[in-house]
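A closer look at the structure
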Amino acid sequence: MDVIQAIILGIIQGFTEFLPVSSSGHLRLTQMLFGITDDVMIFDIVVHVGTLVPVFIIFWGDIKELIKKPFQKMTYLLVAATIPTVVFTLLFYDRVSVLFENAVFLAFGFTTTGILLILADKMSKGRKTDKEITYKDAVIIGCVQGLGIAPSISRSGSTITAGLSRGLNKSAAAKFSFLMSIPAILGGLIYHIVEVVNGSAEIEAVGALPLLVGFVTAMVCGYIAIKFFLNLIRRQKLRYFSVYLFILASLILFDIFITQRFVV
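Each residue is numbered by its place in its chain's sequence as written, counting from 1. Where totals are concerned, whole chains, interfaces and linings use all residues; where local detail is concerned, this predicted model gives features only for residues with pLDDT of at least 70, and gives and counts side-chain atom pairs only at 80 or more. Hydrogens are left out, water is left out, and the side-chain values use all remaining heavy atoms of the structure.

1. As for the overall build of the protein chain
The number of helices and strands found in the protein chain is 13 helices and 0 strands. Secondary structure elements of the protein chain, listed N to C terminal, follow the sequence α-α-α-α-α-α-α-α-α-α-α-α-α. Based on C-alpha atoms, the radius of gyration is set beside the globule rule, defined as 2.2 Å times the residue count to the power 0.38. For a compact globule of 264 residues, the expected C-alpha radius of gyration is about 18 Å, and the protein chain comes in at 18 Å, within 12% of that figure. In terms of principal-axis extent, the alpha carbons of the protein chain reach across some 50 × 40 × 35 Å. Two residues form a contact once any of their heavy atoms are found within 4.5 Å. Across the protein chain, the fraction of contacts at a sequence separation of at least 24, relative to all contacts at a separation of at least 6, is 83%. Surface accessibility in these figures is a Shrake-Rupley result with a 1.4 Å probe; residues are shielded only by whichever protein chains are displayed. As presented, the protein chain carries roughly 12,600 Å² of accessible surface, and 69% of it is formed by carbon and sulfur atoms. In this tally Asp and Glu are treated as negative and Lys and Arg as positive; neither His nor the chain ends contributes. Lys charges are placed at NZ, Arg charges at CZ, Asp charges at CG and Glu charges at CD. Once the 22 positive and 17 negative side-chain charges of the protein chain are each reduced to a mean point, those two points are 18 Å apart. Helix numbering and strand numbering both begin at the N terminus, where a helix is a DSSP run of H or I of at least 4 residues and a strand a DSSP run of E of at least 2.

Next comes the structure, spelled out in structure tokens:
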């Protein structure tokens, strides 16, 4: 992997992690377009951690409160939401992860995410704030977050849709989704800790500079994406992202079955 590829992948990860379009799907699709066939799990982990930094920056007030008073309702809600995701990951990740190599499943996942966002718009009349989230809400949202392990199913899109279905207002659904990303991303890092610890050969194959560049790029773009999305979700429809996802899925399928030039 060269530095230019690392920058592009970092930009894609940074922007798509917090927009409801599936960062994992976009990352894998771009790797296919670049012809990157080697295992680059270490790079994926590094850029995901990069996108975690702006969550801490933007939501530092909320996170500081959780650190100062760890035994509070929001902490328990995040734990309740994370447990189903952990269960889903442990049970199904190894089976589902192989589907990332199949572009047809990527197209299917993008389409599914687009449908979820249309449903989200139809359920966006909720009034519950983040202070009114119940444990039942958290568990249901956490179960839906588990769907995010599937190819190109957006974690943020799924969890925001689930939050809206439980009567949360848009801001509360987005905020809880972003706070949920902290244990989700850290959990992914722990899950792949063996690759990180034993990844000296993989680090050498990817290159230290591309890893650093990817991390920084994902961090900066992630910050911009969160700010943009928090502002957008209050006044715009999520279905605009659906249009993009449906077009992207159509282009993937067109290439697979007609041109056969870009993805495999």
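The structure having been displayed, the exposition proceeds.
2. Section: the packing of helix α2 (residues 23-34) against helix α3 (residues 41-58)
In this analysis an axis means a line fitted to C-alpha atoms, helices contributing only their contacting stretch, and an angle means the value between N-to-C directions, from 0 to 180 degrees. Between α2 and α3, whose axes approach to 12 Å, the crossing angle comes to 140°. Here α2 lies oblique to α3, going by the angle between them. Where α2 crosses over α3, the handedness of that crossing is right-handed. Along its contact with α2, which presents Ser23, Leu27 and Gln31, the element α3 presents Asp44, Val47 and His48. Side-chain classes are defined by residue name, with Ala, Val, Leu, Ile, Met, Phe, Trp, Tyr, Cys and Pro counting as nonpolar, Asp, Glu, Lys and Arg as charged, and the others, Gly among them, as polar. In terms of residue class, the contact of α2 with α3 is built from 2 nonpolar, 3 polar and 1 charged. Comment on the angle field: the value is read as roughly parallel under 35 degrees, roughly antiparallel over 145, roughly perpendicular from 65 to 115, and oblique elsewhere. Should the near helix be turned anticlockwise from the far one by less than a right angle, the crossing is left-handed, and should it be turned clockwise, the crossing is right-handed.

3. Quick word on the environment of Ala81
Mapped onto the fold, Ala81 is located in helix α5 (residues 73-97). Expressed as a C-alpha distance, the spacing of Ala81 and Gly167, which sit 86 residues apart in the sequence, is 16 Å.

4. Quick word on the side chain of Thr217
Here Thr217 shows up in helix α12 (residues 208-233). In protein, a polar contact means a hydrogen-donor-capable atom and an acceptor-capable atom, both N or O and within 3.5 Å, with residues adjacent in sequence counting only if both atoms are side-chain atoms; elsewhere, any N or O pair within 3.5 Å suffices. Engagement of the side chain of Thr217 in a polar contact is seen with the backbone oxygen of Val213, the distance being 2.7 Å.

5. Details of the nonpolar core
Among buried residues, those of type Ala, Val, Leu, Ile, Met, Phe, Trp, Tyr and Cys that are joined through side-chain atoms within 4.5 Å constitute a nonpolar core. Note on exposure labels: buried denotes an accessible area under 20% of the residue type's maximum, exposed denotes more than 50%, and partly exposed covers the range between, all computed with a 1.4 Å probe on protein chains only. Formed by 51 residues in total, the largest nonpolar core has its most connected members in Phe176 and Phe229. Considering every element that reaches this core, the biggest residue donor is helix α9 (residues 170-191), with 9 residues. Every residue in contact with Phe176, bar those within four places of it in the chain, is listed here: Met74, Leu77, Leu78, Ala81, Ile133, Ala138 and Ile141. If you look at the next biggest cluster of nonpolar residues, it comprises 11 residues, including Leu9, Leu27, Ile36 and Ala218.

6. Details of unusual backbone geometry
A positive phi angle is found at Ser22, which is not glycine, with a value near 80°. Checked against the element boundaries, Ser22 lands in the loop between α1 (3-18) and α2. With relative accessibility at 2%, the residue Ser22 sits in the buried group.

7. Concerning the environment of Lys122
With respect to the helices and strands, the residue Lys122 is situated in helix α6 (residues 103-122). Counting along the chain gives 116 residues from Lys122 to Leu238, while the straight-line C-alpha distance between them is 9.8 Å.

8. Overview of the packing of aromatic side chains
Centres within 6.5 Å are what make two rings of Phe, Tyr or Trp a pair, Trp counting through its six-membered ring; a difference in plane orientation under 30 degrees is then read as stacked, over 60 as edge-to-face, and the rest as tilted. This structure, assessed with the given rule, holds 5 aromatic pairs. Aromatic side chains Phe18 and Phe178 sit 5.5 Å apart centroid to centroid with 75° between the ring planes, which places their arrangement in the edge-to-face category. Here Phe178 lies in helix α9 and Phe18 lies in helix α1, a separation of 160 residues in the sequence. Among the residues examined, Phe18 registers a relative accessible area of 0% and is labelled buried. Using a relative accessible area of 0% as the deciding quantity, one classes Phe178 as buried. Each member of the aromatic cluster is reached from another via a ring pair, and the members are Phe18, Phe59, Phe178, Phe229 and Phe241.

9. Some details on helix α7 (residues 135-145)
Turning to α7, its buried residues number three or more, namely Asp137, Ala138, Ile141, Gly142 and Gln145. Down the axis, α7 shows its buried residues gathered within 130° of arc, on one side only. Throughout, the arc means the angular range of directions from the helix axis out to the C-beta atoms.

10. A word on the confidence of the model for the protein chain
When pLDDT is low, close inspection of the predicted coordinates is not appropriate. Residue-level confidence of the predictor is summarised by pLDDT, bounded by 0 at the bottom and 100 at the top. When pLDDT is averaged along the protein chain, the result is 87; 92% of the residues meet or exceed 70. Looking at the elements of the protein chain, mean pLDDT is at its lowest for helix α10 (residues 193-197), recorded as 58, and at its highest for α7, recorded as 95.

11. Some remarks on the side chain of Gln31
By the element assignment, Gln31 lies in helix α2. Given a relative accessible area of 3%, Gln31 falls into the buried group.

12. So, helix α13 (residues 239-259)
Multiplying one less than the number of residues by 1.5 Å gives the expected span of a helix. With 21 residues, α13 extends 29 Å from end C-alpha to end C-alpha; this agrees with the ideal 30 Å at 1.5 Å per step. If you check which residues of α13 are buried, you get Phe241, Ser242, Leu245, Leu248, Ala249, Ile252, Asp255 and Ile256. Along the axis of α13, the buried residues cluster in a sector spanning 155°; they form a single face. The outward face of α13, more than 90 degrees from its buried face, is lined by the exposed residues Tyr240, Leu251, Phe257 and Ile258.

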